[in-house]
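Each chain is listed here by its residues.
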Amino acid sequence: QKEVEQNSGPLSVPEGAIASLNCTYSDRGSQSFFWYRQYSGKSPELIMSIYSNGDKEDGRFTAQLNKASQYVSLLIRDSQPSDSATYLCAVILMEYGNKLVFGAGTILRVKS
Amino acid sequence: DAGVIQSPRHEVTEMGQEVTLRCKPISGHDYLFWYRQTMMRGLELLIYFNNNVPIDDSGMPEDRFSAKMPNASFSTLKIQPSEPRDSAVYFCASRGGLDWGNEQFFGPGTRLTVL
């Protein structure tokens, strides 16, 4: 299993729908989890961080964490065409010296 | 705050030439990271510094790559000699200490093309 795993997509959703992006990680001891958005030709931009089990909401974004299942997800409500980007899941892996390890990213396409 | 600053934004060079990429972290951040991003390998951590000291350079691909951080506001990544397979986007990122949380912020990147 890769350290941080995401479906590469593309995930296509219609405008106004909920987009659900998923990520699994290998290190059961991990405590810090992040979602970055990367537009084509741009740098990764931090959009959410989550440290505790449960949900964390910020505007249209909700991050969900389940440490027992080693699973973190990002929900985007009322998806807009401007949300079309690659979403990178990142986890600080204790087994790798507390380094931030990125998944390969999921391409999201929101169709108007 | 201006965010993480990188230069140049684009670099085109010929195989065998020396390339130097530059980074200025966010003021007050004491962690600095260098990443490389390619389609094939995604985002890879090359090296990171804490308080100007290199902590982990296990991601540096080979001896042709070197990185320095002479002070808290400046770092360089050097490739000598460069090869076509080094073509990628190189990102610098910074992060504060524990009081700042674990959030890491990226610069705009340097797109390197080695011909």
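I will try to describe carefully the structure that is included in this document. (Residues numbered from 1 in each chain as written. Chains lettered and ligands numbered in written order. Predicted model: local features only at pLDDT ≥ 70, side-chain atom pairs only at ≥ 80, totals over all residues. Heavy atoms only, no water.)

**Concerning the interface of chain A and chain B**
- Across the contact, 17 residues belong to chain A and 17 residues belong to chain B.
- Of the roughly 1,300 Å² buried where chain A meets chain B, counting both sides, 54% is carbon and sulfur surface.
- Linking Lys99 of chain A and Asp56 of chain B is a salt bridge whose minimum nitrogen-to-oxygen distance equals 3.1 Å.
- Taken together, chain A and chain B are joined by six residue pairs in polar contact (both at pLDDT 80 or more). (Contact = heavy atoms within 4.5 Å. Buried area = accessible area lost by both parts, 1.4 Å probe. Salt bridge = Lys/Arg side-chain N within 4 Å of Asp/Glu carboxyl O. Polar contact = N/O pair within 3.5 Å; in protein donor to acceptor, adjacent residues only side chain to side chain.)

**Here's the deal with the sheet that holds strand S7 (residues 65-71) of chain B**
Residues and elements named next belong to chain B.
- Reading across the sheet, the four strands line up as S1-S3-S8-S7 and stay open at both edges, with antiparallel pairing between neighbours. Looking along the sheet, the strands with just one partner apiece sit at the ends: strand S1 (5-7) and S7. The sheet shows a mean angle of 15° between the axes of neighbouring strands, taken without regard to direction.
- Relative to strand S3 (residues 19-24), S1 runs antiparallel, the two being bridged by three bridges. (Pairing = 2+ DSSP bridges. Helix = DSSP H or I, 4+ residues; strand = E, 2+ residues; numbered from the N terminus. Axes fitted to C-alpha atoms, helices over the stretch in contact; angles between N-to-C directions.)

**Points about the environment of Gln17 of chain B**
Residues and elements named next belong to chain B.
- For Gln17, the location among the structural elements is in the loop between strand S2 (10-13) and S3.
- For the pair Gln17 and Val114, spaced 97 residues apart in sequence, the C-alpha separation works out to 8.7 Å.
- If we skip the residues at most four places from it in the chain, Gln17 touches Ile79, Gln80, Pro81 and Ser82.

**Concerning unusual backbone geometry**
- Ser7 of chain B connects to Pro8 of chain B through a cis peptide bond whose omega is -10°.
- With respect to the helices, strands and loops of the structure, Pro8 of chain B is situated in the loop between S1 and S2.
- A cis amide bond links Gln80 of chain B with the next residue in sequence, Pro81 of chain B, at an omega value of -10°.
- Tracing the sequence through the fold places Pro81 of chain B in the loop between strand S8 (74-79) and strand S9 (88-95).
- Here Gln70 of chain A, not a glycine, exhibits a phi torsion of approximately 55°, which is positive.

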